[in-house]
Each structure stands twice: as C-alpha cells, then as structure tokens.
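Observations on the model geometry
Residue-level listing of the chains:
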Amino acid sequence: MIAETSSSGTPLLEVEDLVVRYPVARGLVGTLQRRPKLQVHAVEGVSFTLRRGEMLALVGESGCGKTTTAQTVLRMLEPDRGTIRYRGQDISRLSSRRLRPLRRQIQIIYQDPYESLDPRFRVRSAVEEPLVIHRLGSREERRKEVAEALRLAGLDPPDLYLERYPHELSGGQRQRVAIAASLVLHPDVLVADEPVSMLDVSVRAGVLGILSELRAQGLGILMITHDLSTAARFADRIAVMYLGRIVEEGPAQHVVNNPQHPYTRALLSVVPKRDPRERTTPQILRGETPNPVRVPQGCRFHPRCPWMIEDCKSVDPALRRPAAATSPDHRAACIRV
Amino acid sequence: MTIVEAASAPEAPASVRAGVFRHVLGQPQAIVGLAVVSVFALVALLEPVLISGDPKEKVAAVFQAPSSAHLLGTDGGGADMLKLLAAGAQISLLVGFAAAVVSALIGGSFGLLAGFFGGKTDIVLMRITDYVLVIPDVPLMVVAAALFGRSITNIILIIGIIYWTTTARLIRAQVKSVRERVYVRRARALGAGNWRLIGKHVLPQVAPLLIANTVLLVAYAIFAEMFITFLGLGDPSLISWGRLIENAFTDDAVLNNAWWAIVPPGVCVMLVVLGSTLLGQAMEDTLNPRLRVGHLSVRRFRIRPVPRTEP
Amino acid sequence: MRAPLLDVSDLHVWFDLGGRGEVHAVRGIDFSVDEGERFGLVGESGCGKTTAILALMGLLPPNASVAGQVLLAGENVLARGEDSAAPHRWSEIAMVFQGAMNAFNPVRTIGEQIVEPMELHDVAEGRVAVLRARELLEVVGIPADRAARYPHEFSGGMRQRAAIAMALACNPKILLADEPTTALDVMVQAQILELLTALANDFGLALVLVTHDLPVVAQVCERAAVMYAGVIAELGPVDELYHDPRHPYTRLLFAATPDLYGDDEVVSIPGAPPRLDREPIGCPFAPRCDRAFAPCPTVTPRMLEVGTHHLAACHLNERVVEAVS
C-alpha cells in the first residue's frame, strides 16, 4: 500500500500547539446589549506526533476537542494558531489549491456508515469516486484499484460486493466499503472518527482488525474515540483530552494500567467491565463536562478534581513526565504527579 | 441490517430508489390519479387519429341537445362537443405539462442553487422568490397576457413564471439537508467540485421530489390556463377547455339551457386537476420527509393466538 | 412462592410488511422480573429486544400483531389489546425511550412536561402535580427549581434524568429503559446507571435495562437475557453468563467486547443474523456458531435448565444432560 518508506526520523504528522476557537453567536439581543464577544476554546494548545505504523487514539468526552483536532488536521477547519506538519512540511497555511494533492495522503473514515455512503451509488462507484475526482488512472486501472482496496478492507472476493447498493449491506460491510474508499488513493494517514461506535458489537472487532492490519503495513492512524476499552485494546498510544487540552499521553498499556492524571483515573474507573465480579466503585465526577466557553483559571480540571490543592487554581500545568511513570514516553499535565 | 427497523420504517432512505414507485402505486388515490391523467393524456395524444376533420366544423344545429349522433350535443357554433373536448384536451394538457416543466426548471434551479451554495446566493435568490410569491397571480397573468400577446408559448411561460416559487422553497429545504449528509461532505473533502457534488450527489437525491412537485403543478397550470382563456386572453386560434367555456358564455349557452356546452369542459378540468393532485400528493407523501405523519397515528396493534410449535 | 411482578410467557410479535410478507421479530420469549430486581435484555440491533419491551407497554405500531401472555401482578396486559394495555401504561409500567432526552417539547418547561402524564392518568392535578414534579426532579438528582427551565437549558445527561423523572411520574412498579446511556459520555453514563441502580434499591422499582452493551449489563443487572434473532439464547445471573456461558453466542459476544484490562484477543463473530421474514429452521445461530454440530441446522434447540435460574437454548447442553442421565 505504501509507496515509499519515509525515514524513520520524520513523523507522518506533527501537530504543535494547535489552537482552534469558534466565535459564539451572540444573537440580536446580545449584540444590541453589547455583550462581550465570546469564543469556544475548542482546542487550546494541542501537540502530538503520529508515526508510520502507529495508531494513536485521541480519547475524551464530547466537547473535549478531539473531533475539532481531527478536522483541523484534515484542514476542514482553520487553526487559529499552531502548526501541522505532514512529513516535515507545514500544511497549516497551505491554500486549498496546494492542499489538493495532500488530500490524497490524509483520508478520513466517518462514524456513521449509514450516512457516509451515497444510497444511490453502487459499491463500485463509491470506492471509485475518489479516483474519478482526482482524475487518476484509466478505467481499467481504476477497476483494479477498486478491487484491491475492497480486498484490503476485508471484502473478499470483491466481485461479490462491487454491484451492490449500500442498503443491501450490513453495517460492518458498509464501514468496510467506506474504508476501501479511503484506501483507494493510497493515503499514508488515516483519521478514523469513532469508526465502530455505530456498529454491532459482534462485527466491531473485524473492522478494528482491518485498521490494525493497515497500521502493520505502515499507515499512521489517528483514531478518535470515546471508548477507552477499544483504545486500550487496539491503539499503540493514547492521548486523553479534557477541555481542549491533552492532559495525559503515552503508550496505551501504560496509560491504562498506570494512569497518572486524576481525570484519566476517574475516566478509567467508570468504564464498565465485562466481568460482573469486577464491580469496583466507580469514581464518578459530579457535574457535567464544563463549558469550553468559560475555561477555568489555572488547571482546567481543578473544579472537578478530587486531588485539588490551592496551587491548582493558579498554575496551568504543562505535560511532563510523572515521577511514577513506567515508560519514558508517558506524560501528564498535573502538578501533583 | 435490522429487520425490525425495516418493518417500522419502510421508507428508509436507502431503499427509496427501489421502493418509491411501488410505494406510490400501493396507494389507491395514486392509482386513481394516474388512471385519470393517463386517460386524458391518451385522448390528447390520439386526438389526430380519433377525430377526422376540423373539430370546429359545423355539423348540426346550434346548441343541439345530446343525441346518439352527437353524444354531447353541439355548441353555439354547431360543432360537435365531444370532438371539441378531445381537441381541447390536447391544448389544455400541453399547456399544463409544459408550464409545469417551466416552473420545475426555474424553481428547481433556484432551490438547488440557493440551498447548495447558501450564504449570499441563498439570500438573494430567496428574496427574489419571496417577491414573486407575494405578487397576486391573477392580475399578473392578465397583465402579462395582455402585454406580451396571446400566443400559446406566452401563456405557457407566464404560467410557468408564476408557479415556480413553492417548488423553489421545497427543493431548497431538501437540498440544504442533503448538502450536510456525510457522503456529500466526504466527497467535498476529497476535493470534488461543486458541479460534481450537485450532479452526482444532490440532484439525484431531490429529483423524485421535484418530479412529484411537477405533477402537482400540472393541476395548477391547467386551472390557470382555463381562467386565462376564460378571461379572453388565450390564444384565439386554439381550442382549449377554457376556450370552450368562454365560447359557451359568449354564445349565451346559459340562456339556451345548453348545459352540455359548459359542464363537460368544466368536468374535464376538474378531473385532470383532481387526478394530478391525487397522484402528486401520493408521490410527495412518500418522498417529502416533512409530510410523514405515520408516527402520529393511533397505535392499535392486533392480538393473535400463540403459534403451535412443531414437536 | 410469590408470583413475580412481571411474568412474560411465549411472547411473539409480528410486523406486517404490507404485501411483502411479515417479519416475526419476537419469536416466543419467556422471562420474569421481581420487585426491586435489575434485569438486563441484551442483544444486537434487530434481535427484537426493543420490540419485546414495546410489546410489554402495548406500544406497537398498527402493523404489529402480538401473541402470548404478559402478566403484570397477575393480570394479562395483552388480553384485550390496547384496551387492556392502556390502564397499566405509565401507572404500573413505564418506559424511558431510546433517545428520550431529545424528545422533549422545546417550547414547554421541563416541569410542565413531567406534570402532563400525571394529569393524563389522573394521578395528580394542579399544585399537587407541580409539587410532585419538583419532588421527582430531586429524586433523579436535579435541583427542584430547574422545573421552570426549558429543555435547551439542560445538558444531555440532565435531560436523560428528566426523562427518567417523567417515567416515574405516575409511580410505576416497573421501569423499562431502552438504551438509556447510549448517546451519553462515559462519565454521564456512570451517573445515570448509578441513578437507575439507586431507584431499584431504594424504591423497590423493577428495572428492565435494554441495551447492546454487555459491560453495562454486567455492572448494573443481577440477571440478564441474551437475545438473538427474536429468541432468548441464554438467561441467567450475569455472573454465570460471563464465567460459565452455556450458549456459544453469549461466549462469543463477550469475546467480541473489548475490555479495558482483558488480555484475550478481541474477535468478531463472522456472518450476520438470519432474516426474520421467513421462519429460521433449526438453531438461528448455527451458521455463525463455532461449535455447531449435527442437529443444529435442522432441530430448534429447547430451552434447558443448565443451573439454578440459568437457562440456555443450545444442543450442546442437551448432550451434557443426556451424558449425565
């Protein structure tokens, strides 16, 4: 799938200090009353890298900025600050014309396989569409590419699926078609936005297995998910987001088995376990996820934090290696670890 | 996928393509509508074969009552009413369908462009639509017909230009929702141009609704043609149902008690309007998500005996 | 032995597809729920779990027909269709619908909407009803003064709590909850599950939790039924379902569910459930089963008692029973 091997030194994606804000609509009354212009601080200084053959899971609750981060990486949203480097090249300010070739390299898989395929397109046309849009290959070459992409996505033999319409396929098969449509352009970065949350439990593992396989072949995969169990079992690294920041980041097993940040600890404690005997008392944080319009001073987690000390109200902690970390790549943003 | 979903929501978007026409024809009113419109369309198409000679030719006495020779009697010029009706069907339906197509073209384009591009395009196009919408139809038609002359082309254009506004609004709303579908966003993210998005993804999705709306417009257009002609603003050289009614009035059919000169063209207009309305509404009920009211119905399930399990 | 609060036996539901045949969505299920018990109904989409509980409520669409018996405190809810179902609805058996948090009328206050079922069922009126609505909000963990707020001023989790308060309006004995936490974040999910557990413990409310999420059932429920293709594959205490599954589907479903700390390989189940517009022959799971043998494709397995209050419909158990006897 991957044409050239990049030098292992340059990551596929490097995101540095990304900031994305949206204005809040004030409404007519608000404007007339000259209320101050408010902003949603969707993403506030997020940095991460994604290497070849790696799956990074961005985990967090709704409103934490994980989807905004992914959309900005894809340049579907404009960053207010920060850089996004693809293979060392800064793409955060490229014009849409110069971006076009890059659109082939970074592909996205959407959450809902029932919505992401045009109901009027047969599988063949749906998978072929990216090639047609980019005017790639002859008709014969495109046929081969489509068949190959379907095979990679686990729809084998492809002939069985080519002439079907989406409504004739199961949810898992549709998601595989969507994956095939992303693979047909030979991308090297795949952004998977909740790729299995709409699928039945019994077929999820199959789709995640395909993603694992692609990662093993050298793709870099950025998976957006709210499901920590899935992230723990399939991702190489996990980055936990809270209110627009990454609060903890590291190798998946280390983050799950040795969580450092109090938010990560709370989040892990409320994930339901399969075994009824493991009914641990969940550490339920009270209240809702706070509003990204009014971000608390100091550590943004302090109002809900069970470990809060006086300093937390004033110090905004940076990511650093915690004392109790068991891996050199494990970082958390908390002054108490 | 899920069988239960399929059972409770038979109009799932994915199966629309295959199911629309079966579903439309599953409704009795659609079959009635289609049958009525088809009969008239057939008569209009076969008119040259069915009728020999000039229908306006004097064949009997003026205002002769229906008889075996002339089933619907004769009009104020002594011409056979049945022949006149058949000839009228041709013009009335032609005007009706052509004007509906003009409306659909204008309204469809306005709705498509406004809904797809949004922003300033949307504001400008919808403002124009609003202005046209608030102009009273009848005076405008009268003025336009008087100004631009009384040819059939002008009549078609005038009717078409007046009735496109509802189509534009309907299509715009639908396009706005289709535009936000994930598969459209995906194609856009891939770098697909606007025309590809419209042609490949958006238009095919709204086309059935546009067709249903056009069928409804046929009813309006035929009715409009009737009263334009009745007001004496139609093409004087052509026979249409409106013209037959106008003639009946100018020839004092009422004073002569010649109901057969007025009622049949009126009934024909009524039947075609009713037929295309029934058909159009059945199609729109199937296609327009806003009109689905199944969930509002009273829930009354049935009880049946437990099936005997085989040993 | 006292009769259970809710006793479902041989429940069937069909949907008429209007000329395209019919779907036998629920094909004869039996289960019972006691006062204060937390019971789970688990299965994947299309297995009939939602249809089954809608049948308990008598809330099926007009193209549905029902057979079987649903005894609510000894009285058959289904005896005379809507006429016998309606009196029990809300007053004895209430439901939190899937996506209920998004089903509030946006232009009426939360309080008014909780009062509505009380007035419809003559439970309370006027000031009494308003006070009761405020009390109910407190019960589900919402400050009473929020009764005057509108739905858009509530977060998703708060709206779900309000939906639960609405279900409790007429003081039911049984609460059916259809995927109550599916669209919610894990932290809010934990809050809602805690609330549902507390309602069962503190008020003796029987809870029927319908979900596709096995871990949620494992954590919240005492007993559960695993449904597949309109029938119950296995029913028993959740502890035994996980540690001693007696139906391959239960075992494979657990194996397909990733666990935070599990180290077993997560594997999907190949194939897809059978179509229910024709009667399946034999065991409906046989084509996807990793342990299917001779009788499976042709003989429908019986529900066998495989332990105390533990039932499974699988031929493998038949062999064990025969071997023992």
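Source: prediction; values computed, not measured.

1. Considerations on the overall build of chain C
Scanning chain C from terminus to terminus reveals 10 helices and 12 strands. Its C-alpha atoms give chain C a radius of gyration of 21 Å, near enough to 20 Å, the size a compact globule of 325 residues would have. Along the longest, intermediate and shortest principal axes, the C-alpha atoms of chain C span 65 × 50 × 45 Å. Across the 325 residues in chain C, those meeting the buried criterion constitute 54%. The long-range share in chain C, meaning contacts at least 24 apart out of those at least 6 apart in sequence, stands at 62%.

2. Re the overall build of chain B
Of regular secondary structure, chain B possesses 12 helices and 1 strand. The buried share of chain B, reckoned over its 311 residues, is 45%. Intrachain contacts of chain B at a sequence separation of at least 6 include 71% that bridge at least 24 residues.

3. As for the interface of chain C and chain A
If you look at the interface, chain C gives 32 residues, while chain A gives 33 residues. If you list the elements that add at least two residues to the side of chain C that touches chain A, you get helix H6 (186–203), helix H7 (214–220), helix H8 (238–243) and helix H9 (248–256) of chain C. By residue class, the composition of the side of chain C that touches chain A is 18 nonpolar, 9 polar and 5 charged.

4. Focus on the confidence of the model for chain C
With 98% of its residues at a pLDDT of at least 70, chain C reaches an overall mean of 91. Across the whole predicted complex the pTM is 0.81, and at the interface the ipTM reaches 0.88.

5. Section: helix H10 (residues 194–230) of chain B
For the α-helix, the turn length of 3.6 residues means that residues three or four positions removed from each other point alike. All names here are of chain B. Along its 37 residues, H10 runs just 46 Å from first to last C-alpha, ending more than 12% under the 54 Å computed at 1.5 Å per residue. In H10, a bend of some 50 degrees at Leu203 exceeds every other bend along the element, and Pro204, a proline, comes one to four places later. Once H10 ends, the next one or two residues include Gly232, with phi positive near 85 degrees.

6. Focus: the nonpolar core
Ala180(A), Ala221(B), Leu176(C), Leu207(C), Val208(C) and Val226(C) are the most contacted members of the largest nonpolar core, which has 299 residues in total. A total of 20 residues in this core trace back to one element, the largest contributor, which is helix H4 (residues 81–117) of chain B. Each residue touching Ala221(B), except ones within four places of it in the same chain, is listed here: Val95(B), Gly96(B), Ala99(B), Ala100(B), Ile159(B) and Tyr163(B).

7. Remarks on the packing of H4(B) against helix H5 (residues 119–134) of chain B
All names here are of chain B. At their nearest, the axes of H4 and H5 sit 7 Å apart, and the two run at 145 degrees to each other. Between H4 and H5 lies a crossing whose hand is left-handed. Of the residues in H5, those touching H4 at Phe110, Leu113, Ala114 and Phe117 are Gly119, Thr121, Asp122, Leu125, Met126 and Thr129. In terms of residue class, the contact of H4 with H5 is built from 6 nonpolar, 3 polar and 1 charged.

8. Side note on the interface of chain B and chain A
The interface of chain B with chain A comprises 18 residues on the first partner and 21 residues on the second. Of all elements in the fold, only helix H2 (16–25), helix H9 (182–189) and H10 of chain B reach the threshold of two or more residues within the side of chain B that touches chain A. In terms of residue count, H9(B) provides more of the side of chain B that touches chain A than any other element does, 5 residues in total. Within the side of chain B that touches chain A, the residues separate by chemical class into 11 nonpolar, 3 polar and 4 charged.

9. Thoughts on the sheet that holds strand S5 (residues 89–90) of chain A
All names here are of chain A. Ordered by their spatial adjacency, 4 strands build an open sheet running S2-S1-S4-S5, and the pairing between neighbours is antiparallel. Here the strands that pair on one side only, and so sit at the sheet edges, are strand S2 (39–50) and S5. Of the strands in this sheet, strand S1 (13–23), S2 and strand S4 (81–86) are in contact with helix H2 (residues 66–73), which crosses S1 at around 115 degrees.

10. So, the pairing of strand S3 (residues 55–59) of chain A
Within a regular beta strand, the side chains point alternately toward one face of the sheet and then the other, so they alternate between its two faces. All names here are of chain A. Within S3, 5 of the 5 residues are buried, which leaves it mostly tucked inside the rest of the structure. Along S3, one buried face is formed by Met55, Ala57 and Val59 and the opposite face, lined by Leu56 and Leu58, is buried too. Summarising the sheet, S3 and strand S8 (residues 220–225) pair through 5 bridges and their orientation is parallel. When the sheet's bridge partners are listed, Leu56 is paired in S8 with Leu222.

11. Here we look at the sheet that holds strand S11 (residues 331–332) of chain A
All names here are of chain A. Read across the sheet, 7 strands follow the order S6-S7-S8-S3-S9-S10-S11 without closing on themselves; strand pairing throughout is mixed. Each of the sheet's edge strands pairs with one partner strand only, and the pair in question is strand S6 (106–109) and S11. Relative to S11, strand S10 (residues 245–251) runs antiparallel, the two being bridged by 2 bridges. In the strand pairing of S11, Glu249 is matched with Arg331. In the packing of H2 onto the sheet, contacts are made with S3, strand S7 (189–193), S8 and strand S9 (237–242), and the angle to S8 comes to roughly 150 degrees. Against the sheet, helix H6 (residues 171–183) makes contact with S6 and S7, and its axis sits at roughly 170 degrees relative to S6, the strand it touches most.

12. Let's talk about the environment of Ala167(C)
Residues and elements named next belong to chain C. Within the secondary structure layout, Ala167 lies in helix H5 (residues 156–167). Once the C-alpha coordinates of Ala167 and Phe97 are considered, the two residues, 70 residues apart in sequence, prove to be 9.3 Å apart. The contacts of Ala167, once residues within four sequence positions are left out, are Ala94, Met95, Val96, Pro172 and Leu175.

13. Quick word on unusual backbone geometry
What you tend to see is this: most non-glycine residues have negative phi, and most peptide bonds are trans. Pro157(A) follows Asp156(A) through a cis peptide bond whose omega is 0 degrees. Structurally, Pro157(A) can be placed in the loop between helix H5 (139–152) and H6. Here the phi dihedral of Asn171(C) falls at roughly 60 degrees; this positive angle occurs in a residue that is not glycine. Secondary-structure assignment places Asn171(C) in the loop between H5 and strand S7 (174–178).

14. Overview of helix H10 (residues 262–269) of chain A
Where burial is concerned, most of H10(A) is hidden: 6 out of the 8 residues are buried. Those residues of H10(A) lying buried are Pro262(A), Tyr263(A), Thr264(A), Ala266(A), Leu267(A) and Leu268(A). Buried residues along H10(A) sit against helix H8 (228–234), S9, S10 and helix H9 (252–257) of chain A together with H6 of chain C.

15. Remarks on the packing of helix H3 (residues 28–50) of chain B against H4(B)
Residue and element names in this part refer to chain B. Their axes nearest at 8 Å, the elements H3 and H4 cross at an angle of 125 degrees. Between H3 and H4, the crossing angle belongs to the class labelled oblique. With respect to the hand of their crossing, H3 and H4 are arranged in left-handed fashion. Mapping the contact onto sequence places Phe40, Ala41, Val43, Ala44, Glu47 and Leu50 in H3 and Ala86, Ala87, Ala89, Gln90 and Leu93 in H4. Across the contact of H3 with H4, the residue classes tally to 9 nonpolar, 1 polar and 1 charged.

16. Overview of the pairing of strand S2 (residues 22–33) of chain C
All names here are of chain C. As judged from the 9 bridges shared by strand S1 (residues 6–16) and S2, these two strands associate in the antiparallel manner. Directly across from Trp14, in S2, lies its bridge partner His24. Turn length for the S1-S2 hairpin, with the two strands adjacent in sequence and antiparallel, is 5 residues, and the turn residue Gly18 shows positive phi of about 60 degrees.

17. Quick notes on the confidence of the model for chain B
Residues and elements named next belong to chain B. Residues at a pLDDT of 70 or more form 88% of chain B, whose mean pLDDT is 81. Looking across chain B, the model is least confident in helix H1 (residues 3–8), with a mean pLDDT of 31, and most confident in H4, with 92. When the criterion is pLDDT under 50, residues 1–18 qualifies, and its contacts beyond four places in sequence or with other chains add up to 33 contacts. Here residues 293–298 scores under 50 on pLDDT; set against residues more than four positions off or in separate chains, the count is 1 contact.

18. Focus on the environment of Leu316(C)
Mapping Leu316(C) onto the fold places it in helix H10 (residues 315–324). Each C-alpha atom of the pair Leu316(C) and Arg291(C) lies 8.4 Å from the other, and the pair is 25 residues apart in sequence.

The rules behind these values
Residues numbered from 1 in each chain as written. Chains lettered and ligands numbered in written order. Predicted model: local features only at pLDDT ≥ 70, side-chain atom pairs only at ≥ 80, totals over all residues. Helix = DSSP H or I, 4+ residues; strand = E, 2+ residues; numbered from the N terminus. Rg over C-alpha atoms; globule rule 2.2 N^0.38 Å. Buried ≥ 20, exposed ≤ 12 C-beta atoms within 10 Å, placed from the backbone. Contact = placed C-beta atoms within 7 Å. Nonpolar A, V, L, I, M, F, W, Y, C, P; charged D, E, K, R; others polar. pLDDT = per-residue confidence, 0-100. Expected span 1.5 Å × (residues − 1). Bend = angle between axes of the 7 residues up to and from the residue. Core = buried A, V, L, I, M, F, W, Y, C linked by C-beta atoms within 7 Å. Axes fitted to C-alpha atoms, helices over the stretch in contact; angles between N-to-C directions. Left-handed = near helix turned anticlockwise from the far one by under 90°. Pairing = 2+ DSSP bridges. Parallel < 35°, antiparallel > 145°, perpendicular 65-115°, else oblique.

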